[in-house]
Amino acid sequence: MPVAPPTGIPDDWDWDRLEPVLSDWLDTVGAALAVVIFNTTMVLECKLAIIDGLMPAKVVKRLVAKVTEELQKLQEGPFAAPQVFQGHLGGTAPSIGAAELPLYRRYFSRNIGDLTT
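Described below are features of the structure shown in this document. This is a predicted model, so every value here is computed, not measured. Each chain carries its own residue numbering, running from 1 in the written order of its sequence. This being a predicted model, a pLDDT of at least 70 is required before a residue's local features are given, and a value of 80 or more before pairs of side-chain atoms are given or counted; all residues contribute to the totals for chains, interfaces and linings. Side-chain numbers come from the whole structure's heavy atoms, not from hydrogens or water.

Before going further, it helps to spend a moment on the pairing of strand β1 (residues 48-51). Side-chain positions along a regular strand alternate between the two faces of the sheet. In this scheme, a residue with accessible area under 20% of its type's maximum is buried, one over 50% is exposed, and one in between is partly exposed, where area comes from a 1.4 Å probe on protein chains only. Secondary structure elements follow DSSP: runs of H or I of four or more residues count as helices, runs of E of two or more count as strands, with numbering from the N terminus. Only one face of β1 is buried: it carries Ala49 and Ile51, and the other face, with Leu48 and Ile50, is open. Note on handedness: a crossover is taken as right-handed if, strands pointing away from the viewer, the path from the first strand over the helix to the second is clockwise. The handedness of the β1 to strand β2 (residues 83-86) crossover, carried by helix α2 (residues 57-74), is right-handed.

What makes a salt bridge here is a side-chain nitrogen of Lys or Arg within 4 Å of a carboxyl oxygen of Asp or Glu, nothing more. Counting across every chain of the model gives six salt bridges. Close ionic contact of lysine 58 with aspartate 16 constitutes a salt bridge, the shortest N to O distance being 3.4 Å. Of this pair, lysine 58 sits in helix α2 while aspartate 16 sits in the segment before α1 (21-44), placing them 42 residues apart in sequence. The exposure class assigned to lysine 58 is partly exposed, which follows from its relative accessible area of 47%.

Here we take up the nonpolar core. If you look at the biggest cluster of nonpolar residues, it comprises 19 residues, and the most contacted ones within it are Ile51, Leu63, Val67 and Leu71. Those elements that place two or more of their residues in this core are α1, β1 and α2. In this view, leucine 71 contacts Ala34, Ile37, Phe38, Ala81, Pro82 and Val84; residues no more than four positions away in its chain are not counted. Joining through side-chain atoms within 4.5 Å is the link that ties buried Ala, Val, Leu, Ile, Met, Phe, Trp, Tyr and Cys residues into a set, and such a set is a nonpolar core. Here, two residues are considered to be in contact whenever any of their heavy atoms come within 4.5 Å of each other.

Here the focus is the environment of phenylalanine 85. With respect to the helices, strands and loops of the structure, phenylalanine 85 is situated in strand β2. Judged by relative accessible area, phenylalanine 85 falls into the partly exposed class, the value being 39%. Sequence spacing of phenylalanine 85 and leucine 48 is 37 residues, and the spatial spacing of their C-alpha atoms is 7.5 Å. Beyond its immediate sequence surroundings of up to four residues, phenylalanine 85 is in contact with Leu48, Ala49, Ile50, Ile51 and Val64.

Let us now look at α1. Look at α1: 34 Å from first C-alpha to last across 24 residues, which is about the 34 Å you get at 1.5 Å a residue. Looking at the packing, one finds that the buried side of α1 touches β1 and α2. Positioned one or two residues after α1, glutamate 45 has a phi angle of 55°, which is positive. Helix span, as expected, comes to 1.5 Å for every residue beyond the first.

Turning our eyes to something else, we now look at unusual backbone geometry. Omega for the bond connecting glutamate 19 with proline 20 falls within 30 degrees of zero, at -5°, which places this linkage in the cis form. Tracing the backbone shows proline 20 in the segment before α1. Unusually for a residue other than glycine, glutamate 45 sits at a positive phi of about 55°. Its place among the elements puts glutamate 45 in the loop between α1 and β1.

This part takes up the packing of aromatic side chains. Put simply, two rings from Phe, Tyr or Trp (the six-membered ring, in Trp's case) pair if the centres are within 6.5 Å, and we call them stacked under 30 degrees between planes, edge-to-face over 60, tilted for the rest. This model, assessed by the stated rule, comprises one aromatic pair. For the pair tryptophan 13 and tryptophan 15, a centre-to-centre distance of 5.2 Å together with 35° between the ring planes defines the contact as tilted.

Our focus in this paragraph is α2. Across its 18 residues, α2 extends 26 Å between first and last C-alpha, which sits within 8% of the 26 Å expected from 1.5 Å per residue. Residues of α2 that are buried: Val59, Val60, Leu63, Val64, Lys66, Val67, Glu70 and Leu71. Structurally, α2 contributes buried residues whose contacts are with α1, β1 and β2.

Encoded structure:
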């Protein structure tokens, strides 16, 4: 059953009213994030991922659990699935991540256009 999208700041939403749509979304997003995290950690050889964002901590906790569950299904041979942790920055996580983009582009990007700025 469709649910009208809430308005305002996500912290103020009635997240319980978003069920069962929220559970379906967590299932879909959890599976997709697990694939992205698994592939990225295999290439970069890192052993952890942090999930955070504008959602309330209890929703992020559910997403972390779902991603962890999905990662176990993707485990290949000797490669261990990375650990997934819940971040603690909450609503400031997106802005901090965006603020790090100039540093990434200047020092880590392999795009020649980023290296000339």
